[in-house]
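Listed below, chain by chain, are the residues.
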Amino acid sequence: MQPSFSARRETVPKSSPFEINNSQISEALDIFGISQNPDQIAKIREYILILLKWNRSVSLTSITDPVEIVGRHFGESIFASKLLPVENCRLADVGTGAGFPGLALKIAYPSIRLILIESNKKKCAFLSEVVRSLGLTDVEIRPERFEQIRQEEVLANVITYRAVGEFKQLLRWSTYALFPRGHLLLWVGADDSTRIASTSGWTWQPATRIPDSQRRFILIGRPIDEANSNR
């Protein structure tokens, strides 16, 4: 006897909530003026799959829609490279969490020498899985708080920070963790942007609003020359 239609329908596999195709990734990045080659798009798609699987047991992101993840995490991260060249640089991502912006920039610019600083050990295990699965090289994961790391062990051309708070400590630490003429990139709200831009000892570019957002900005600064020359 043939099974009923309803019985047959139940055997059809459902689409995975993690699924996203190349066109959706490209369209989500277009908003930020970003294009990626097929290999980079494949890495982004695999990254999202790993992120959402791990997110079931480790708190990595509050965003679970794959298309929104592309925009909020990958688009907003890679957009910074349109404001400051990062290719071939030594980049330290402080409080990287789920790997943003550090690993997103690494996918876009494989020549980056990347240091990921994250004190949460479970998140570090996730980062190691992403690095291994995507075949990324020249990536160092430091399972520590940034204040516990001697600045001379980092010495980066660019330091990125997309976490919340601790700006005073970060600025103090970054002053001596940057190479001369190095830059600090911050993903901040409007109020923080105004407050940080008034910090003495630093020079800041005007804050740039992130596309598709009214409240999030990228702020780029560097220590004044005297701070770097007194090492």
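Scroll up for the structure.
Residues numbered from 1 in each chain as written. Predicted model: local features only at pLDDT ≥ 70, side-chain atom pairs only at ≥ 80, totals over all residues. Heavy atoms only, no water.

### Points about the overall build of the chain
Argument step 1. When you go through the chain residue by residue, the secondary structure sums to nine helices and eight strands.
Argument step 2. Total accessible area computed for the chain in this model is approximately 11800 Å², and 49% of it derives from carbon and sulfur atoms. (Helix = DSSP H or I, 4+ residues; strand = E, 2+ residues; numbered from the N terminus. Areas by Shrake-Rupley, 256 points an atom, 1.4 Å probe, with all protein chains shown as cover.)

### A few points about the packing of aromatic side chains
Argument step 1. Enumeration according to the criterion identifies eight aromatic pairs in this entry.
Argument step 2. A centroid spacing of 5.2 Å and a plane angle of 90° characterise the contact between Tyr-47 and Phe-74, whose relative ring orientation is edge-to-face. In this pair, Tyr-47 sits in helix α3 (residues 38-54) while Phe-74 sits in helix α4 (residues 66-78), placing the two residues 27 residues apart along the sequence.
Argument step 3. Using a relative accessible area of 0% as the deciding quantity, one classes Phe-74 as buried.
Argument step 4. Three or more aromatic residues joined by ring pairs make a cluster, and in this case those are Tyr-47, Trp-54, Phe-74, Phe-100 and Phe-126. (Phe/Tyr/Trp six-rings, centres within 6.5 Å; stacked < 30°, edge-to-face > 60°. Buried < 20%, exposed > 50% of the residue type's maximum accessible area, 1.4 Å probe, protein only.)

### A few points about α3
Argument step 1. Taking 1.5 Å per residue as the helical rise, α3 with its 17 residues ought to reach 24 Å, and the 24 Å between its terminal C-alpha atoms agrees with that figure.
Argument step 2. What α3 keeps buried is the set Gln-40, Ile-41, Lys-43, Ile-44, Tyr-47, Ile-48, Ile-50, Leu-51 and Leu-52.
Argument step 3. In the core, the buried residues of α3 are packed alongside α2 (22-30), α4, α5 (102-108) and α6 (121-134).
Argument step 4. One side-chain oxygen of the residue at the start of α3 lies 3.0 Å from the amide nitrogen of Asp-39, identifying that residue as Asn-37. (Expected span 1.5 Å × (residues − 1). Contact = heavy atoms within 4.5 Å. Polar contact = N/O pair within 3.5 Å; in protein donor to acceptor, adjacent residues only side chain to side chain.)

### Regarding the environment of Gln-40
Argument step 1. Inspection of the secondary structure puts Gln-40 in helix α3.
Argument step 2. A sequence separation of 64 residues divides Gln-40 from Ala-104, and the C-alpha atoms of the two residues are 9.8 Å apart.
Argument step 3. From its side chain, Gln-40 meets the backbone oxygen of Ile-107 in a polar contact 3.1 Å long.

### A short note on the layout of surface pockets
Gaps left between atoms show up when a probe the size of a water molecule is rolled over them.
Argument step 1. Here the largest pocket is characterised by a volume of approximately 610 Å³.
Argument step 2. Taken together, 24 residues line the largest pocket, and the ones lying closest to its centre are Arg-72, His-73, Arg-162, Ala-163 and Val-164.
Argument step 3. Among the elements of the structure, α4 and β5 (178-189) are those that each provide at least two residues to the lining of the largest pocket.
Argument step 4. Considering only residue class, the lining of the largest pocket consists of 10 nonpolar, eight polar and six charged.
Argument step 5. Estimated volume of the second largest pocket: approximately 230 Å³. (1 Å grid on protein atoms, 1.4 Å probe; cavity = no way out; pocket = protein on both sides within 12 Å on 5 of 7 lines; lining within 4 Å. Points joined across faces, edges and corners; volume = space filled by probe spheres on them. Nonpolar A, V, L, I, M, F, W, Y, C, P; charged D, E, K, R; others polar.)

### Observations regarding the environment of Ala-190
Argument step 1. Relative to the helices and strands, Ala-190 is located in helix α8 (residues 190-196).
Argument step 2. A residue is classified by how much of its surface remains accessible, and Ala-190, at 37% relative accessible area, is partly exposed.
Argument step 3. C-alpha of Ala-190 to C-alpha of Leu-219: the two residues are 29 residues apart in sequence and 9.9 Å apart in space.
Argument step 4. Other than its neighbours up to four places away in sequence, Ala-190 contacts Arg-215 and Phe-217.

### Observations regarding unusual backbone geometry
Argument step 1. That bond from Phe-100 to Pro-101 is cis: its omega, 10°, falls within 30 degrees of zero.
Argument step 2. Assignment of secondary structure puts Pro-101 in the loop between β1 (90-94) and α5.
Argument step 3. With phi around 40°, Leu-155 is a residue other than glycine that occupies positive phi space.
Argument step 4. On the secondary structure map, Leu-155 appears in the loop between β3 (139-142) and β4 (156-161).

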